[in-house]
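# Examining the three-dimensional arrangement
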Amino acid sequence: MNSIDETLRTMDAAEPVTGEQHLRAADTLERILAAEPEPDRPRRSRARLILVTAAVAVLAGGLTQLPDGDRAYASWTPAPTALTDAEITVIGPECQEALRDMDEARLVLAERRGDFAMLLYRTENPDMSGSCLVRNVPGSDDVDDVIAGKAGGSGPAQVVSGSDFTQGAIADFRGASITDGAVGSDVTGVTVHAGKLTAQATVRDGRYVVWWPGPAFISDDEGDPTLMITYDLTLRNGTIVADAQPARPR
Amino acid sequence: MRTLKPDRESRFRALYADTYADVLRFAQRRVHPSHAEDVVADTFLAAWRRMDVAPRRHGDARAWLFGIARNCLLNTRRGLGRQDALAVRLAEVRPVAGGAEDAAITWRLDLATAWRGLSAAEQETLALTVFDGLDSKQAARVLGITATSYRLRLLRARRALRRGLGPDPAEESLTILGLDPRMETRP
């Protein structure tokens, strides 16, 4: 391939910078510097993006590979579909690389909404969730726009039973929000309302995970983030519990 | 705020001086030359506003700027629908009748034809390595993907380019021997 690369380089469309371009570049530089840089607004730093609403401490948090440009989630669907084993085989290594300091975590949930897949990794003690959102067009083995974050507490995970559920970490990935938690054995469905969006969670083996292409928090009058999501639960007997309240940590 | 400006400004001036030519060349490969300087100006304006997150290492800063330039280019095309990749053009190869350079020119014309047969995503993947001189990690940063994904894409793009050049005698030999020429060894 080297001879191909070498030949290609002889066909480079880029030209050396001319004297005129250097002069214009100098003018451009001064024009840019004359523009006051935006104030150091509170950046949504990668660590800050993980907001934990339960009474647990964030042990660690971080996002990886945030693309610089916003990606549209136009293909997002309110209801998820399960990922196949083949899809998990393709996507899993990318997420494990992004969450590489969660070696002990196991994959507990995996879902697809349009061109995006979500994988949730967990350790129960300590109570840690690692969520990983990737773009993967169905049928393709290309995985990109990998964003992942982790949050949790130092102790064991809270155990819930019956029709209870917990509200775990809420992560605000650029343009998308993700949350997960535990559900009691009577809970078969979790629906999240976030503003105008309604999203049905993936629920399995006592855990749920859900994401939607919008915020989970709005700023109140003083600029502090206020949670804007509510939950409906579907119970095994068909009952729907509207505006269900999460179990309080003990 | 003001007290921080001199450091910020001097860092930006140094970055501008070190990378202007590379960013201009990056743009020239992807847009009409008459538009390239505007793209570079947009890129550095965005960089100036985000100097607090600019990588300190030269190679990483260069890749960071390429990523901003790419997003500037993609954003201008969003009106046409989602665009995932930027086509990369080559300099024109002019055939010359007769002469000792015939074979070399034919080879370049074939390569140019094969290049034009690649998808924009394949051209973009190859260009980041071949023309922009980025390593896998830096190229992955430009595209917003992992280094592993980039290496996979690069492998596929190289295969596609070779397919566009016609049967490889070495591959034909492997096929005759009953081996799968698609199997590749890691570089």
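The shown structure was predicted, so the numbers you read here are calculated from the model rather than taken from an experiment. (Residues numbered from 1 in each chain as written. Chains lettered and ligands numbered in written order. Predicted model: local features only at pLDDT ≥ 70, side-chain atom pairs only at ≥ 80, totals over all residues. Heavy atoms only, no water.)

### Regarding the overall build of chain B
- Looking only at helices and strands, one finds eight helices and zero strands in chain B.
- In chain B, the succession of α and β elements from N to C terminus is α-α-α-α-α-α-α-α.
- Counting only residues that meet the buried cut, chain B has 43% of its 187 residues in that class.
- For chain B, long-range pairs separated by at least 24 residues make up 60% of all intrachain contacts whose partners lie at least 6 apart in sequence.
- Roughly 9900 Å² of accessible area belongs to chain B as shown, and the carbon and sulfur atoms make up 55% of that amount. (Helix = DSSP H or I, 4+ residues; strand = E, 2+ residues; numbered from the N terminus. Buried < 20%, exposed > 50% of the residue type's maximum accessible area, 1.4 Å probe, protein only. Contact = heavy atoms within 4.5 Å. Areas by Shrake-Rupley, 256 points an atom, 1.4 Å probe, with all protein chains shown as cover.)

### Brief notes about the overall build of chain A
- For chain A, the count of helices and strands is three helices and 16 strands.
- When each of the 250 residues of chain A is scored for burial, the buried share is 47%.
- Considering only residue pairs separated by 6 or more positions, chain A has 61% of its internal contacts joining residues 24 or more positions apart.

### Some thoughts on the state of the cysteines
Residues and elements named next belong to chain A.
- Here the structure, examined in full by the defined rule, presents one disulfide over all chains.
- Here Cys 95 engages in a disulfide with Cys 132; their sulfurs sit 2.0 Å apart. For the disulfide bridge between Cys 95 and Cys 132, the dihedral angle about the S-S bond is near -75 degrees, and by the sign convention the bridge is left-handed. Residue Cys 95 is located in helix α3 (residues 85-98), and its partner Cys 132 is located in strand β5 (residues 128-135); the two are separated by 37 residues in the primary sequence.
- Given a relative accessible area of 0%, Cys 95 falls into the buried group. (Disulfide = S-S within 2.5 Å.)

### A closer look at the environment of Ala 82 of chain A
Residues and elements named next belong to chain A.
- Among the structural elements, Ala 82 can be located in strand β2 (residues 81-82).
- According to the relative accessible area criterion, Ala 82 is exposed, its value standing at 63%.
- For Ala 82 and Leu 109, which are 27 residues apart along the polypeptide, the C-alpha to C-alpha distance reads 8.6 Å.
- Contacts of Ala 82, omitting those with residues within four sequence positions, involve Glu 87 and Ala 110.

### Notes on the interface of chain A and chain B
- Across the boundary between the two partners, chain A contributes 45 residues, which contact 57 residues of chain B.
- Connecting chain A to chain B are nine salt bridges.
- A salt bridge links Arg 156 of chain B to Asp 141 of chain A; the shortest N-O distance between them is 2.8 Å.
- Where chain A touches chain B, the interface holds 22 residue pairs in polar contact (both at pLDDT 80 or more).
- Elements with a contribution of two residues or more to the side of chain A that touches chain B: α1 (2-9), α2 (19-34), α3 and β6 (144-152) of chain A.
- No other element matches the eight residues that α2 of chain A contributes to the side of chain A that touches chain B.
- When its residues are assigned to classes, the side of chain A that touches chain B shows 18 nonpolar, seven polar and 20 charged. (Salt bridge = Lys/Arg side-chain N within 4 Å of Asp/Glu carboxyl O. Polar contact = N/O pair within 3.5 Å; in protein donor to acceptor, adjacent residues only side chain to side chain. Nonpolar A, V, L, I, M, F, W, Y, C, P; charged D, E, K, R; others polar.)

### Brief notes about the pairing of strand β10 (residues 197-200) of chain A
All names here are of chain A.
- Where strand β9 (residues 187-194) lies against β10, four bridges are found, and the strand directions are antiparallel. Its bridge partner lying in β10, Val 192 is registered against Ala 199.
- Hairpin connection from β9 to β10: two residues lie between these consecutive antiparallel strands, with Gly 195 at a positive phi of about 60 degrees. (Pairing = 2+ DSSP bridges.)

### Points about unusual backbone geometry
Residue and element names in this part refer to chain A.
- At the junction of Asn 125 and Pro 126, the peptide bond is cis and its omega measures out at 10 degrees in the coordinates.
- Of note, Pro 126 is situated in the loop between β4 (116-123) and β5.
- Despite not being glycine, Asp 145 has its phi angle at roughly 50 degrees, a positive value.
- Structurally, Asp 145 is set in strand β6.
- Judged by its relative accessible area of 4%, Asp 145 is buried.

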